[in-house]
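What the coordinates show
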Amino acid sequence: MRRIYSLCILPVLMLALFLAAGCGSKEPVQVDMGVVKKALLEKKWFCKQLFQRDVAGDNPLTIQFMPNGTVAGSGGCNEFKGTYTLTEDSLTFGPLTTTKKSCGPAADEQEFTYFSFLARISKFTVDEDELKLYAEGEVEPMLFSTSEGGSFFSW
């Protein structure tokens, strides 16, 4: 009797597991771009880390996204501006123009790194007062902070 019970319960459990595995939705989560833009736009974001390297110097690396598709900020020495494209699953920058002064070898190297990686950004996350920009080929992001809040989104 025990063997018959085991033989009956095993197929029922297997069927239940099979059916449960098919219940999850494979549909991508819909993103409300209005909420994303509210979390990201018109805030001044301060860069705290460049791919696990702390930002040094007295002049912050900043970035600010505007609703009209433009972006502006500081590399710590020079100001920059340009364009960005934001979609449900990506963030990319168009060509950035900068002023051309020198602030010394260390500041110039950090700024060069910052501008070089902005050109390679492909995705981002926003969580409260934290923005992470991910460059293609890099595991760690550039980490930004602001005192203004937001909601969590990840692409």
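Residues numbered from 1 in each chain as written. Predicted model: local features only at pLDDT ≥ 70, side-chain atom pairs only at ≥ 80, totals over all residues. Heavy atoms only, no water.

Some points on the environment of threonine 62
Here is the rule we go by: Helix and strand definitions here come from DSSP, where helices need a minimum of 4 consecutive H or I residues and strands a minimum of 2 consecutive E residues; each element is numbered from the N-terminal end. Relative accessibility thresholds used throughout: buried, under 20% of the residue-type maximum; exposed, over 50%; partly exposed, between the two (1.4 Å probe, protein chains only). Between two residues, a contact is recorded if the distance between any of their heavy atoms is within 4.5 Å.
Within the element layout of this structure, threonine 62 appears in strand 3 (residues 61-65). Using a relative accessible area of 6% as the deciding quantity, one classes threonine 62 as buried. Note: C-alpha distance between threonine 62 and phenylalanine 80 (18 residues apart in sequence) is 9.6 Å. Those residues within four positions of threonine 62 in sequence are excluded, and the remaining contacts are Lys44, Trp45, Phe46, Gly73, Ser74, Phe80 and Tyr114.

As for the side chain of threonine 113
Stated formally: Within 3.5 Å is the distance limit for a polar contact, defined as a pair of N or O atoms, with the added protein rule that one can donate a hydrogen and the other accept it, and that residues adjacent in sequence qualify only through two side-chain atoms.
Here threonine 113 lies in helix 3 (residues 105-118). Judged by its relative accessible area of 11%, threonine 113 falls in the buried class. Of the polar contacts made by the side chain of threonine 113, one reaches the backbone oxygen of glutamate 109; its length is 3.0 Å. The residues touching threonine 113, leaving out its near neighbours within four places in the chain, are Leu50 and Arg53.

Structural notes on the nonpolar core
To keep it simple, the criterion reads: The criterion is simple. A nonpolar core is a set of buried Ala, Val, Leu, Ile, Met, Phe, Trp, Tyr and Cys residues joined through side-chain atoms within 4.5 Å.
One finds Ile63, Phe65, Phe93, Tyr114, Leu118, Leu133 and Met142 to be the most contacted residues of the largest nonpolar core, which totals 30 residues. Apart from the residues lying within four places of it in its own chain, the contact partners of tyrosine 114 are Cys47, Leu50, Leu61, Thr62, Ile63, Ser74, Gly75, Phe80, Met142 and Phe144.

Focus: the pattern of salt bridges
Two side chains that carry opposite charge are able to pair once their charged atoms sit near each other. Applicable threshold: When a carboxyl oxygen of Asp or Glu is within 4 Å of a side-chain nitrogen of Lys or Arg, the pair counts as a salt bridge.
Enumeration according to the criterion identifies three salt bridges in this entry. Measuring nitrogen to oxygen at the nearest pair gives 3.8 Å for the salt bridge that ties glutamate 138 to arginine 120. In this pair, glutamate 138 is assigned in the loop between strand 8 (130-135) and strand 9 (142-145) and arginine 120 in the loop between helix 3 and strand 7 (121-127), connecting sequence segments 18 residues apart. In this structure glutamate 138 comes out as partly exposed when scored by relative accessible area, which is 30%. The residue glutamate 130 makes a salt bridge to lysine 132 at a minimum N-O spacing of 3.7 Å. Here glutamate 130 falls in the partly exposed class, since its relative accessible area comes to 28%. With relative accessibility at 25%, the residue lysine 132 sits in the partly exposed group.

Focus on helix 2 (residues 33-40)
Stated formally: What the arc describes is the spread of directions from the helix axis to the C-beta atoms.
Among the residues of helix 2, Met33, Val36, Ala39 and Leu40 are the ones counted as buried. End-on view of helix 2: buried residues confined to an arc of 125°, all on one side of the axis.

Remarks on the packing of aromatic side chains
Quick note on the threshold: The pairing test for Phe, Tyr and Trp rings, Trp by its six-membered ring, is centres within 6.5 Å, and the orientation test on the planes gives stacked under 30 degrees, edge-to-face over 60, and tilted for anything in between. The rule for a charge over a ring is simple: NZ of Lys or CZ of Arg within 6 Å of the ring centre, and within 35 degrees of the ring normal.
Summed over the entire model, instances satisfying the criterion amount to seven aromatic pairs. Summarising the aromatic geometry, the rings of phenylalanine 80 and tyrosine 114 are spaced 6.1 Å apart at their centres and angled 75° between planes, so their arrangement reads as edge-to-face. With a gap of 34 residues between them, phenylalanine 80 in strand 5 (residues 79-86) and tyrosine 114 in helix 3 connect regions that are remote in the sequence. Neither phenylalanine 80 nor tyrosine 114 differs from the other in exposure class; each is buried. Note on phenylalanine 80 and phenylalanine 115: the rings are 5.4 Å apart at their centroids and 75° apart in plane angle, and the pair reads as edge-to-face. Of this pair, phenylalanine 80 sits in strand 5 while phenylalanine 115 sits in helix 3, and the two are 35 residues apart along the sequence. For the pair phenylalanine 80 and phenylalanine 115, a shared accessibility class is recorded, and that class is buried. Positioned above the aromatic ring of tyrosine 134 is the side chain of lysine 123, whose terminal nitrogen or guanidinium carbon lies 5.3 Å from the ring centre.

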